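Reading the structure
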Amino acid sequence: MKSLALWRQPGFWAVLLAILFLAVSNISHTIALRYVLLAVFLVWTVVERQVLLRTLSSWPVPTLLLGSFLLYALLHSVVLSGWMSISLAEWRSQLLMGGLWFIAGTVLFSRQRPLSILDCVVTAGLLLVAAEVLMAVRYYYQHGVWPYMEVFTTATKLEFTFFVNFAMAFVAVLAGFGKGRTRFPLWSLLAIGALMFFASFHAGARNGLIGLSYLVLSFTLIYVLTHRQHLSRTRLLVLLLLVGVGMAGFVSKAVQKDARNQIFLQSATIAWQDRDGLGWLRMGPYPKLDDGREVDVSAYERVAWIRAGLDLVAERPMGYGYDRRAFTQALFAVGKPNQIGHSHSGFIDLGVGLGVPGVLLWLSFCLSLIVIGFKAFVLRRDVAGLALMLVTCGFLGRMVLESVSKDHMLHIFLFTVAALLAWMHQNPADKSHV
């Protein structure tokens, strides 16, 4: 098998289509292509239905929890939603599509492929970052300055940093624990990781930078704990010193480059206390700081929206109705006209839309993935298990500050975790049931 060229190996087209979906989904105006790919995968599912059922039955807990979440959202849309037709349409385009992508990921990687799902994500991330850097080089050539807080390949910084940080988790896992389990040599993984770090940093999304910090610190902790028997005190000290100094420099540089960070805490404090102002509703001027400067609008709005979202959930714990704009719709319902849209927090969007039961079901599904990944890695050093644990924790962390639980970001997440579960299922010795 290894002697064959990659393109001649069985499953090459499955890998190619998976990489295409992962890379292109992040680019604007590719919805039609995504639907075409999903249609191809669903036809594949019909052909491989026995394999699908066998793989799903090997992981009953996450399968049942995800199914329960989808069913609850459907019933909520019919029975409890304040805008039933909108909720049903959103359920079909968001959650049902997400469930189908979960099935697609399961089917594609339930058999041996020339590349693992980990290699596929790294490849897709490299393609996206390479395109972004090439366009940034062109910008530099035209304007004489490297772009900051600007992206070219995706609609927003959120979408770019979401997938780049997502892919960096796989790069870290393969670089630290993937010896003999990846087609990428270590030097190339280190180079890819550096390129991704550079691109994500220059995108300038604060939540993306928070995600990078989480990844570096959590992976360093995991690496130290798993290699403590092979690390001398000197090597451990040097490693921790390098990571500590590097992170301090990274955070310091990020704070200096973004002037908003200088007034973040003051803006967040005002936002948490402001229930009667019109600024956070985008219906009036923003409040001022004590020195007369305007608040950091991004920090002010996001904190105010989280606070308002928690108030809405407290008033109606069963939710107002599923919708990407549930936060806005719920504010209208309680007599607060606004021009907001979504809340920029996946948990607030989900809690306002589907209520506390919806949030708990989603958390239960994600927790089952974390437990499976943790057990597989601790007991058998399964790199797919470590990746499953890291990306699920990262997705939940990003949900606190960004509305990532929708559109292609949700679909990529569900496709990938399903593919990781399927990849782990291929070798029964690597399974860790919940």
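The rules behind each value
- Residues numbered from 1 in each chain as written.
- Predicted model: local features only at pLDDT ≥ 70, side-chain atom pairs only at ≥ 80, totals over all residues.
- Heavy atoms only, no water.
- Helix = DSSP H or I, 4+ residues; strand = E, 2+ residues; numbered from the N terminus.
- Rg over C-alpha atoms; globule rule 2.2 N^0.38 Å.
- Buried < 20%, exposed > 50% of the residue type's maximum accessible area, 1.4 Å probe, protein only.
- Contact = heavy atoms within 4.5 Å.
- Areas by Shrake-Rupley, 256 points an atom, 1.4 Å probe, with all protein chains shown as cover.
- Axes fitted to C-alpha atoms, helices over the stretch in contact; angles between N-to-C directions.
- Parallel < 35°, antiparallel > 145°, perpendicular 65-115°, else oblique.
- Left-handed = near helix turned anticlockwise from the far one by under 90°.
- Nonpolar A, V, L, I, M, F, W, Y, C, P; charged D, E, K, R; others polar.
- Salt bridge = Lys/Arg side-chain N within 4 Å of Asp/Glu carboxyl O.
- pLDDT = per-residue confidence, 0-100.
- Expected span 1.5 Å × (residues − 1).
- Bend = angle between axes of the 7 residues up to and from the residue.

The next subject is the overall build of the chain. Each helix and strand in the chain was counted, giving 16 helices and 0 strands. Rg of the C-alpha trace for the chain: 22 Å, near the compact-globule value of 22 Å for 434 residues, within the 12% margin. The C-alpha extent of the chain, read off along each of the three principal axes, is 65 × 55 × 45 Å. Counting over 434 residues, the chain shows a buried share of 53%. In the chain, the share of contacts with a sequence separation of at least 24, taken over all contacts with a separation of at least 6, comes to 76%. Carbon and sulfur atoms make up 67% of the accessible area of the chain, which amounts to about 19700 Å² in all.

With that out of the way, let us pick up the packing of helix H6 (residues 117-143) against helix H7 (residues 157-177). Close contact between H6 and H7 brings their axes to 9 Å; oriented N to C, the two are set at 135°. On the basis of their axis angle, the class for H6 and H7 is oblique. The crossing of H6 and H7 is left-handed. Between H6 and H7, the residues in contact are Leu118, Asp119, Val121, Val122, Ala124, Gly125, Leu128, Val129 and Glu132 and Phe160, Phe163, Val164, Phe166, Ala167, Phe170, Val171, Val173 and Leu174, respectively. Along the lines of polarity and charge, the residues of the contact of H6 with H7 split into 15 nonpolar, 1 polar and 2 charged.

Note on placement: Met97 falls in helix H5 (residues 84-108). For the pair Met97 and Val359, spaced 262 residues apart in the sequence, the C-alpha separation amounts to 19 Å. Among all residues touching Met97, those that are not within four sequence positions of it are Tyr35, Leu38, Arg92 and His411.

Packing of helix H1 (residues 12-24) against H6 brings their axes to within 9 Å, and their N-to-C directions diverge by 45°. Put simply, H1 runs oblique to H6. Where H1 crosses over H6, the handedness of that crossing is right-handed. In this structure, H1 contributes Val15, Ile19, Leu22 and Ala23 to the contact, and H6 contributes Ile117, Cys120, Val121, Thr123, Ala124, Leu127 and Leu128.

Note that side chains of opposite charge can pair when their charged atoms are close. Counted according to the given criterion, the structure contains 8 salt bridges. Here Arg324 and Glu90 are joined by a salt bridge, their closest N and O atoms 3.2 Å apart. Note that Arg324 is positioned in the loop between helix H12 (297-315) and helix H13 (326-333) and Glu90 in helix H5, a separation of 234 residues in sequence. Note on Arg324: relative accessible area 31%, which makes it partly exposed. For the salt bridge of Asp407 with Arg324, the shortest nitrogen-to-oxygen distance reads 3.0 Å. With Asp407 in helix H16 (residues 407-425) and Arg324 in the loop between H12 and H13, this residue pair connects regions lying 83 residues apart in the sequence. One network of salt bridges, in which partners are shared, links Glu90, Arg324, Lys406 and Asp407.

Another aspect to go through is the confidence of the model for the chain. Taken residue by residue, the chain gives an average pLDDT of 89. The fraction at 70 or more is 92%. Model confidence for the chain, summarised as mean pLDDT per element, is weakest for helix H10 (residues 233-257) at 71 and strongest for helix H4 (residues 60-79) at 97. Predicted confidence for residues 429-434 stays below pLDDT 50, and this span has 22 contacts to residues more than four positions away or in other chains.

Quick look at helix H14 (residues 346-380) now. The end-to-end C-alpha separation of H14 is 33 Å, well short of the 51 Å expected for 35 residues at 1.5 Å each. In H14, a bend of some 125° at Leu354 exceeds every other bend along the element, and Pro357, a proline, comes one to four places later. Phi turns positive one or two residues past the end of H14, at Arg381, with a value near 55°.

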